[in-house]
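So you can see what is in the structure, the chains are spelled out below.
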Amino acid sequence: IVLEKDMIDLKSINIIFCARLLKSKGIDIFINLAKEFPDLRFNIYGNRDESSKDSLSQREIKDTLKIKNLIYHGYKKNPLLNHLDTPALLLVPSIYGEGLPRSIPEAMILGIPVLASRKSCCGVFSNKNLYEVSENSLINYKFALEEIIDQYNNVTFIDKIKDAKTFAEKNFTEKSIVKETCRIYEEFYETNNIPYVINKDINDLESYLS
């Protein structure tokens with residue numbers, strides 16, 4: 001949801017992090033950015049990962065609570081829905097090497113701008129529909145965030161939000177994903193190149209019957 005610029009206080013922008021509290025997902029960068037921008041509200045949604053050494057410790061989480069403009073919400077279902085009535089920005093500073101982060105298209109559908117690492121864009125998103133940082137460093141995110149604040153709700157900003165929403169609606173609805181999945185499987189069968197998982201089941205079945 002994009003609000004008229006003359007009706008909003010840019011200092012009220014909510015910066016959002018939605019992920020497990022892993023350093024490889026950029027939680028350290030997010031926390032340090034909160035220190036750099038004391039007038040903005042930084043919201044953390046997610047839990048620590050007990051099974052990962054890369055996760056924030058309980059003590060580190062407690063330390064974040066001392067930062068006045070940083071709010072730790074813990075795990076919440078559909079956290080982006082909490083930020084539809086005020087200016088917001090989803091920050092995805094991840095170098096985790098995962099599949100495409102679901103929060104990015106969700107934010108786009110909701111009209112929430114996104115600032116993300118190049119790695120988290122997975123070659124799918126670009127500067128046409130979000131703000132991309134090529135090198136995952138605090139200084140680069142600081143410069144990018146300053147640029148976004150300066151551009152918030154100008155013509156370029158609004159066009160980017162519109163392009164992002166159109167792109168997400170076209171490519172990331174359940175209907176479009178199912179359609180594309182079916183198309184890929186049809187290509188396998190047209191070329192007789194049966195996917196490994198299916199071929200494995202067929203071979204196991206033949207072995208069992210023999």
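Everything quoted here is computed from the prediction, not taken from an experiment.

(A) The overall build of the protein, seen in detail. For the protein, the count of helices and strands is eight helices and six strands. By sequence separation, contacts in the protein at least 24 residues apart represent 73% of the contacts at least 6 residues apart. Accessible surface for the protein amounts to roughly 12,600 Å². Of this, 52% is attributable to carbon and sulfur atoms.

(B) Quick look at helix α1 (residues 27-36). For α1, every residue scored as buried is listed here: Ile 27, Ile 29, Phe 30, Ile 31, Leu 33 and Ala 34. If you follow the buried residues of α1, they end up packed against β1 (14-18), β2 (41-45), α2 (58-64), β3 (70-74), β4 (88-92) and α5 (138-151).

(C) Fine view of the confidence of the model for the protein. Mean pLDDT over the protein stands at 85; residues scoring 70 or higher make up 83%. The weakest mean pLDDT in the protein belongs to helix α8 (residues 196-209) at 55; the strongest belongs to β1 at 97. Low confidence marks residues 1-7, where pLDDT is under 50. Its contacts with residues over four positions away, or in another chain, come to 20 contacts.

(D) Spatial organisation of the nonpolar core. With 30 residues, the main nonpolar core has Ile 15, Ile 27, Phe 30, Phe 42, Ile 44 and Leu 115 as its most contacted residues. Elements with a minimum of two residues in this core: β1, α1, β2, β4, β6 (131-133), α5 and α6 (155-171). Looking at which element gives the most residues to this core, the answer is α1, with six residues. Phe 30 has contacts with Ile 15, Ile 16, Phe 17, Phe 42, Asn 43, Ile 44 and Leu 91, leaving out every residue within four places of it along the chain. Among the nonpolar cores identified, the runner-up in size contains 17 residues, and Ala 88, Leu 90, Val 114 and Leu 130 belong to it.

What counts and how
- Residues numbered from 1 in each chain as written.
- Predicted model: local features only at pLDDT ≥ 70, side-chain atom pairs only at ≥ 80, totals over all residues.
- Heavy atoms only, no water.
- Helix = DSSP H or I, 4+ residues; strand = E, 2+ residues; numbered from the N terminus.
- Contact = heavy atoms within 4.5 Å.
- Areas by Shrake-Rupley, 256 points an atom, 1.4 Å probe, with all protein chains shown as cover.
- Buried < 20%, exposed > 50% of the residue type's maximum accessible area, 1.4 Å probe, protein only.
- pLDDT = per-residue confidence, 0-100.
- Core = buried A, V, L, I, M, F, W, Y, C linked by side-chain atoms within 4.5 Å.

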